[in-house]
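Working through the structure, step by step
Okay, here's what each chain looks like letter by letter:
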Amino acid sequence: MKIRLDTVVKTFDTFRAVHGVSLDIESGELVALLGPSGSGKTTILRMVAGLEFPDGGAIYFGDENATDIEVRHRGVGFVFQHYALFPHMTVDENIAFGMKVSKTKRSAAEISDRVAHLLRLVQLEGLQDRFPAQISGGQRQRVALARALAVDPKVLLLDEPFGALDANVRRDLRRWLRKIHDELGITTLFVTHDQAEALDLADRVVILDKGKIVQTGTPEEVCRAPASVFVMNFLGDANRLKVTVSGEKAQIQDVTFDVAGIADGAAELYFRPADVTWREDGHGIQATIARVIDRPDSRRVLALTTDGHSIEFDAAPEFPFRADTRGFVDIRRPRVYPA
Amino acid sequence: MARRILPGLPLTLGITLVYVAIIVVLPLGALIFKAASLGPEDYWRIVSSERAIASYRITILCALAATLFNLVFGLALAWVIVRYRFPGRRFIDALVDLPFALPTAVAGIALTTLFASNGWFGAPLAAIGIKVAYTPLGIIIAMAFTSLPFIVRTVQPVLEELDPALEEAGQTLGASDLEIFLRVILPQLAPALLAGLSLSFARSLGEFGAIIFIAGNEPFETEITALLAFIRLEEYDYPASAAIASVMLLAAFTMLAVTNLLQTRALRYTVKG
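This one's a predicted model, so the numbers in the text were calculated from it and none came from an experiment.

On to the interface of chain B and chain A. Facing 18 residues of chain B, the contacting portion of chain A comprises 20 residues. Contributions of two or more residues to the side of chain B that touches chain A are made by helix H9 (164-172) and helix H10 (177-206) of chain B. Of all the elements, H9(B) adds the most residues to the side of chain B that touches chain A, at six residues. Looking at the side of chain B that touches chain A, its residues break down into eight nonpolar, six polar and four charged.

Note on strand geometry: in a regular strand, side chains alternate between the two faces of the sheet. All names here are of chain A. In this sheet, strand S19 (residues 326-331) lies alongside strand S15 (residues 276-279) in antiparallel orientation, the contact comprising four bridges. When the sheet's bridge partners are listed, Thr-277 is paired in S19 with Asp-330. As defined by bridge partners, strand S16 (residues 285-294) adjoins S19 across four bridges and the pair is classed as antiparallel. In the sheet register, Ala-287 faces S19, and the bridge partner there is Gly-327.

Attention now goes to the packing of helix H3 (residues 91-100) of chain A against helix H4 (residues 108-121) of chain A. Residues and elements named next belong to chain A. At their nearest, the axes of H3 and H4 sit 10 Å apart, and the two run at 130 degrees to each other. By the criterion of interaxial angle, the relationship of H3 to H4 is oblique. Crossing angle aside, the handedness with which H3 passes H4 is right-handed. In contact with Asp-92, Ile-95, Ala-96, Met-99 and Lys-100 of H3, H4 contributes Ile-111, Arg-114, Val-115 and Leu-118. A per-class count over the contact of H3 with H4 returns six nonpolar, no polar and three charged.

Residue and element names in this part refer to chain A. By domain assignment, chain A separates into domain 1 (3-232) and domain 2 (237-338). Taken over C-alpha atoms, the centre of domain 1 sits 40 Å from the centre of domain 2. If you look at the interface, domain 1 gives four residues, while domain 2 gives five residues. Across the side of domain 1 that touches domain 2, the residue classes break down as three nonpolar, one polar and no charged.

The rules behind these values
Residues numbered from 1 in each chain as written. Chains lettered and ligands numbered in written order. Predicted model: local features only at pLDDT ≥ 70, side-chain atom pairs only at ≥ 80, totals over all residues. Contact = placed C-beta atoms within 7 Å. Helix = DSSP H or I, 4+ residues; strand = E, 2+ residues; numbered from the N terminus. Nonpolar A, V, L, I, M, F, W, Y, C, P; charged D, E, K, R; others polar. Pairing = 2+ DSSP bridges. Axes fitted to C-alpha atoms, helices over the stretch in contact; angles between N-to-C directions. Parallel < 35°, antiparallel > 145°, perpendicular 65-115°, else oblique. Left-handed = near helix turned anticlockwise from the far one by under 90°. Domains from an automatic or database assignment.

Below you can see the structure in the form of structure tokens.
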């Protein structure tokens, strides 16, 4: 099912949570709504579900205007941030709930067949008689997903699906959710504040800031060409150097960068810690190493340029230099934004 | 013996045991001792006399009716206080405790005045043929009045803690409001409701002050068991009074035990395993 949001607006009391958001989600796509807290991403998800109603704009499911359809008739599967499993029902009963209250009557045998099928799908066979309090967080998450899928939703919506889990469980579940999505081909929209999760899982990432979409694109597009300083910073660590642009060129010490399309005047040059090479001599921006931090797969180097900017970059584990070493930094793939 | 982090166990445990022994066990023991001073035949004759049996029937039926009434209205009251924000909410919340604070005799006199056949409520009710004061209906009203806070105050905190996401989950799965209430909300309130019900019922069984003013106290018609025990006391027939009281004690104890069992069952999903 294709979903379309047309200039959707939502205001809570005096706080405008969502400012005219328009978005197309293709049928079968897996889309991440990514943004910091307060960016309006959960509000958008809840409006798609029908748990909130927009003050302006419209939401379409296929060609149908779904804006005023009640949540219980909208046909969405929703996985809540803390799962919202019914604590007094077993895993089985939780999954069967949607089928039991559905208008399309199913026989008890049909329901238990489908529950068994879903338990296999989410790999929870054998846990059907446990209560939610008796299983782990990752298992609860999967029960919540099975419960949402049980009603054959047209759209699957997940609110911070991995927020409450350990890092390892999180990564496994991400891969697993992607696999389930590829198997079922259901249009899926999920909310996260974790950029690694969004990039890892989604076909397309929608980045939000203060209730507005700031960039939409595949993970590759948003990573390679962040549309703004906000996106650059939000997607990962970034170094910032102040520069002055004149004639589409920016100068730092004796290094010149081509900056096509940026108007003359003050600007900011950004680059990722991985896009730096340290040289003992030769060409580059002069700097002194301040500190070296060790990580499992690399060394993070903190350095100070001779004109007083502090920068951080990643070097191979074999990087031999210590604090107070002088040298040159060579920057690859810089991105310049007007200040 | 394992070392304890919290100090003061011997002291607090000692105080608790002494307190329970003196304030609770001793009087109850004295009651049973007094009742036991009767021979089995005398005991049976007293507790199974027609007048006593009529009083049990009146007391228990009225207490059941009052408790069911409170179940519905106490739940509705707790729901409104927790779920809605309206002017006067805090005032109503405070008002709920009033039956606890008011001397029950005062409540009884006030209710009698209201429901007497010339009272504010009694006159219009009498006009349509409903007599409240000096009938079992009056007993029910007095019992309901004094035991209402039990239901509200046991259900209220549980209702406040219910996660709204559970109701939203029910909605996204297509359940109607009624289905959500019956299948999601009510089962989670059940243990608290049970506790409230048993307290309310126990209180109604034992209520005395509020009832004797409104009941009319006609033997076989509107005479409650507590009053019968009191009448025997006034006649200086202490063993008979104790015998009747021991029946009430047994009833209350059995009911609390059953409620506890039911509650354990209703809460079995919270057991980690």
